[in-house]
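Tertiary structure, described
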Amino acid sequence: MTARCRAWRKAHPARARFAAEMALVALALLVHAFTLLRSSQTYDERGHLNASVVYWKHGDALLDPNNPPLRSVLALPAMVRGMPEPLYADAFLTTPEQQVGLYLTRFSMLGLFLAWAWVFGRLTGRWFGGGAGLCALALVLFAPTFSSHSFVFATDVLVSMLAFLVCAAAFEWTRRPSVPLAIGAGALAGLALTAKFSALLWCAGVVAGVVAARLAVARTERRIARDGVHFAVGMVAALVAVGAVYRFDGLFRSPASLELLALRLPSWMRLPLPGAWLTGLDNLLVSNDRPAYFHGTMNGSGTFLPYFPLLLAMKPPLALIGLWLLGLSALVSRFRRIRPEWLVFAVPAVLYFVWAVAFSRIQIGVRHLFPLFPVLLMGAAATTTAWKTGAARIASAVLAVVTVVAGLAAVPHQMASFNVLAGGPENAWRWYSDSSLDWGQGWDHIARWLDREGIEATFEPVEGETTGWIAVNPNTMIGFTPGAFARNAWLRELVAEHEDVRFVAPHWHVLHLPEDHWTTGANR
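Keep in mind it's a predicted model, so treat the numbers as computed, not measured. (Residues numbered from 1 in each chain as written. Predicted model: local features only at pLDDT ≥ 70, side-chain atom pairs only at ≥ 80, totals over all residues. Heavy atoms only, no water.)

**Notes on the overall build of the protein chain**
Tallying secondary structure elements over the protein chain gives 23 helices and five strands in all. Taking 2.2 N^0.38 as the reference for a compact globule, 524 residues should give roughly 24 Å; the C-alpha atoms of the protein chain span a radius of gyration of 25 Å, in line with that estimate. When contacts within the protein chain are restricted to residue pairs at least 6 apart in sequence, those whose partners lie at least 24 apart make up 73%. Within the structure as shown, the protein chain displays about 23,300 Å² of accessible surface, and the carbon and sulfur contribution to it stands at 64%. (Helix = DSSP H or I, 4+ residues; strand = E, 2+ residues; numbered from the N terminus. Rg over C-alpha atoms; globule rule 2.2 N^0.38 Å. Contact = heavy atoms within 4.5 Å. Areas by Shrake-Rupley, 256 points an atom, 1.4 Å probe, with all protein chains shown as cover.)

Next up, the structure:
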């Protein structure tokens, strides 16, 4: 049978590849659907879903202007099911109708992710070969750092998928310039801008990459004029896409009523962009400052330079990091032979990373680096075919397999996975908190675990008072503000020094305090 299968694969390579792709997608559907059903709602999902309901019922995108409304398309099944209108943006999803709406929206997100992942694998295979394409599909479906958000109803994966497609369309245009490709790239860029405002920086990087790629080849006046026309057509397509998502409401609004943009733009200027989009961008620029926690320290704004670089070293599986290092070695060894078109991927990725590390004041999780991950995973997959030596190819294939196995081993707690450099998810709280580790996804799991163990635990212990069983997560131990961080110092010390602390995946610490804990000399 093995010989017959091998002969069939050689005789029908396209069918064999398609069968392998569908098998990976089917496995991913089972894995992520299981994780979806085992994960409680994350902190941001209720706000996104509530804002989507208001968007569809009233055409109003200002309930949550800091997040553009493209995500609302995924909430259509919930609307058909009769999702009730919220009282306010952050109202909890507690009723049965709201719970059903959340799961319908999650499955919509998962379906879109799986379809995009297949396209991602196909495009990678087109550029680097069929083996690299299958590897890319497997990595994007199972590498836990990125795929753990495959079903979460938020904007991070949505904008990342669109960012990659913008690069892909622009890359194809640099190879064969045409008006349809220019329109496609522009429309995708416009959709990305209605998914998350950080896409503005990414799209600027794509434009810079295209310009750099075109300058690297011989130019004539005719080609320069043609490129200019195509760029203008793409800009119009982007503006139309942005306007359509906002229902062309409030176009050509004056920036005078805005806070930060009014300081940088003349009051007479009229921008061909929806007023709600400009309001959201202005709000983001004004409030681009959040308290950040890193390695035992919290400050009032995200200003830790090592935050994102070390997060990229500690969050993904070590095997994936090994793939990236092999890919970097291949890049250095073959640098002179790399075609300039790849700048379309490289420039926005580098620009985005530099901005995140040096200028962003929102350091609350790895999800803010997600636009980088499709490019990084494509590069990791390309490593499997970049080397000419058999040993390097075997090493790349082994690392890819180990990455997939690590992702499967983390099910259903992929979102909290950290590698051994951070001490695993058990000790990752010493380095990071918030959505990189605890985004609210583990509440149902700890409730089931406590019920099985017959334990009644306190989730918000009070210093000097609480005794008995307590169950705490990283965000409880650390807090979200400098004040809460200082108040919770005793709790972090307790978890770090207590003799018998049970770790319950994905990120919970459970321990017991005797009745006389606060009356003994050591704890007075």
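**Description of the packing of aromatic side chains**
One pass over the full model with this rule turns up 36 aromatic pairs. Between Tyr 352 and Trp 355 the ring centres are 5.5 Å apart and the planes differ by 55°, which places this aromatic pair in the tilted class. Here the residue Tyr 352 and the residue Trp 355 both occupy positions in helix H16 (residues 343-358), the gap between them amounting to three residues, near one helical turn. Trp 355 sits in the partly exposed class, given a relative accessible area of 27%. Its guanidinium or amino end placed over the ring of Phe 92, Arg 46 lies 4.0 Å from that ring's centre, counting from NZ or CZ. The cationic tip of Arg 247 hangs over the ring face of Tyr 55; the distance from NZ or CZ to the ring centre is 4.7 Å. (Phe/Tyr/Trp six-rings, centres within 6.5 Å; stacked < 30°, edge-to-face > 60°. Buried < 20%, exposed > 50% of the residue type's maximum accessible area, 1.4 Å probe, protein only. Lys NZ or Arg CZ within 6 Å of the ring centre and 35° of its normal.)

**A look at the pairing of strand S3 (residues 468-472)**
A large share of S3 lies buried, amounting to four of its five residues. Two strands pair when backbone bridges link them, and S3 and strand S5 (residues 508-513) are joined in this way by five bridges, in the antiparallel orientation. Looking at the pairing, Gly 468 lines up with Leu 513 of S5. (Pairing = 2+ DSSP bridges.)

**A few points about the pattern of salt bridges**
Taken as a whole and assessed by the stated rule, the structure comprises 14 salt bridges. With a shortest N-O distance of 3.1 Å, Glu 21 and Arg 17 are connected by a salt bridge. Here Glu 21 and its partner Arg 17 are both found in helix H2 (residues 13-38), four residues apart, which amounts to about one turn of the helix. A relative accessible area of 1% means that Glu 21 is categorised as buried. A salt bridge links Arg 226 to Asp 227, with the nearest nitrogen and oxygen atoms 3.5 Å apart. The class of Asp 227 is buried, set by a relative accessible area of 11%. Overlapping salt bridges, with partners in common, bring together Asp 44, Asp 156, Lys 196 and Arg 367 in one network. (Salt bridge = Lys/Arg side-chain N within 4 Å of Asp/Glu carboxyl O.)

**With respect to the pairing of S5**
Of all six residues that make up S5, five are buried, and the element is covered over most of its length. With three bridges connecting them, strand S4 (residues 502-504) and S5 associate as antiparallel partners. Bridge pairing in S5 places Val 504 opposite Trp 508. As consecutive antiparallel partners, S4 and S5 are separated by three residues.

**Side note on the nonpolar core**
The biggest cluster of nonpolar side chains holds 128 residues, and the ones touching the most others in it are Trp 116, Leu 141, Phe 146, Trp 202 and Trp 277. Of all the elements, helix H8 (residues 156-175) adds the most residues to this core, at 13 residues. When sequence neighbours within four positions are dropped, the list of residues in contact with Trp 202 reads Ala 163, Cys 167, Pro 348, Ala 349, Tyr 352, Pro 371, Leu 372 and Val 375. Listed in part, the eight residues of the second largest apolar core include Trp 449, Leu 450, Val 504 and Trp 508. (Core = buried A, V, L, I, M, F, W, Y, C linked by side-chain atoms within 4.5 Å.)

**As for the sheet that holds S3**
Pairing is antiparallel across the open sheet formed by three strands, whose spatial order is S3-S5-S4. A single partner strand is all that each edge strand has here, and the edge strands are S3 and S4. Between one strand and the next, the sheet's axes are offset by a mean angle of 25°, whatever the strand orientation. Lying on the sheet, helix H20 (residues 443-453) is in contact with S4 and S5; it crosses S4 at an angle near 130°. (Axes fitted to C-alpha atoms, helices over the stretch in contact; angles between N-to-C directions.)

**Some thoughts on the side chain of His 48**
Note that His 48 resides in helix H3 (residues 45-58). Those residues in contact with His 48, other than ones at most four positions away along the chain, are Asp 64, Asn 67, Arg 71, Phe 153, Ala 154 and Thr 155.

**Remarks on unusual backbone geometry**
Residue Pro 412 follows Val 411 across a cis peptide bond; omega there is 0°. With respect to the secondary-structure elements, Pro 412 resides in the loop between helix H18 (390-409) and helix H19 (424-427). Here the amide bond leading from Ala 505 into Pro 506 is cis, since omega sits at 5°, within 30 degrees of zero. Among the structural elements, Pro 506 can be located in the loop between S4 and S5. Although it is not a glycine, Arg 247 sits at a positive phi angle of roughly 60°. Looking at the secondary structure, you find Arg 247 in the loop between helix H11 (221-245) and helix H12 (261-264). Judged by its relative accessible area of 39%, Arg 247 is partly exposed.

**Here's the deal with the environment of Pro 348**
The residue Pro 348 is located in helix H16 in this model. Overall, Pro 348 belongs to the buried group, its relative accessible area being 0%. Separated by 140 residues in the primary sequence, Pro 348 and Ala 208 place their C-alpha atoms 7.8 Å from one another. Sequence-distant contacts of Pro 348, that is, excluding residues within four places in its chain, are made with Cys 167, Trp 202, Gly 205, Val 206 and Leu 343.

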